[in-house]
Amino acid sequence: MRKDTIVIREIEVKDNPKIAKAIREVLIEMGAPKVGTAYEDAALDCMTETYSDKKKAYFVVENGNDIIGGAGISPLDNHEGKVCELQKMYFMSEARGKGLGAEMMKTCLEFAKQAGFKQCYLETLPYMTDARKLYRKVGFKSLEKPMGNTGHYSCTVWMLKDL
């Protein structure tokens, strides 16, 4: 895979089955529980429609005809204030270690700022160490308890960043 063939762009309808498959494969690879994580989210099969609101966006990593990763921004569910959530940030193994996570974070956080959010929240699993390292590198700080109510009760690491 050559880095010059990789594109980060907003999701399109044709990407829905590809990103759903990619996210589920990564969660299985990581040994993540299927219950209480993104694996069981109904939104996973209709990401374009889920992120069609002006305060939401989902971006995919495309390599040729393949979708090898993605991440999104959405208002934090069940929370008052200008807080968004970084959602469903997953990369297939071939996309990892190439700086795409940092590029995706930049894309997502820029969208969040332009959409008027003041803070960005995320939830992850404790053993996703590379992801947590990236989140800390871009300024996310650990929280002692979750914010809002995302339904992802299996995710026990909560982080927040001021935008």
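Scroll up a little and you will see the structure.
In what follows, the accompanying structure is described. Quick caveat, the model's predicted, so the values are computed rather than measured.

Look at any regular strand and the pattern is simple: side chains alternate between the two faces of the sheet. Most of strand β2 (residues 57–63) sits out of view: 7 of its 7 residues are buried. The side-chain alternation of β2 yields two buried faces, one formed by Ala57, Phe59, Val61 and Asn63 and the other by Tyr58, Val60 and Glu62. Here 5 bridges tie strand β1 (residues 6–10) to β2, and the two strands are oriented antiparallel to one another. Counted as the bridge partner of Ile8 is Val61 from β2. Judged from the 7 bridges that link them, β2 and strand β3 (residues 66–75) form a sheet pairing that is antiparallel. Across the sheet, the residue bridging to Tyr58 is Gly72, located in β3. Between β2 and the antiparallel strand that follows it, β3, lie 2 residues; Gly64 among them carries a positive phi value of about 65°.

This brings us to helix α3 (residues 100–114). Over its 15 residues, α3 runs 21 Å from end to end, which matches the ideal 21 Å to within 8%, given 1.5 Å per residue. Turning to α3, its buried residues are Leu100, Gly101, Met104, Met105, Cys108, Leu109, Phe111 and Ala112. For α3, the angular spread of buried residues about the axis comes to 155°, placing them on one side. Opposite the buried face of α3, by more than 90 degrees, sit the exposed residues Lys106 and Gln114.

The rules behind the values
- Residues numbered from 1 in each chain as written.
- Predicted model: local features only at pLDDT ≥ 70, side-chain atom pairs only at ≥ 80, totals over all residues.
- Heavy atoms only, no water.
- Buried < 20%, exposed > 50% of the residue type's maximum accessible area, 1.4 Å probe, protein only.
- Helix = DSSP H or I, 4+ residues; strand = E, 2+ residues; numbered from the N terminus.
- Pairing = 2+ DSSP bridges.
- Expected span 1.5 Å × (residues − 1).
- Arc of directions from axis to C-beta.

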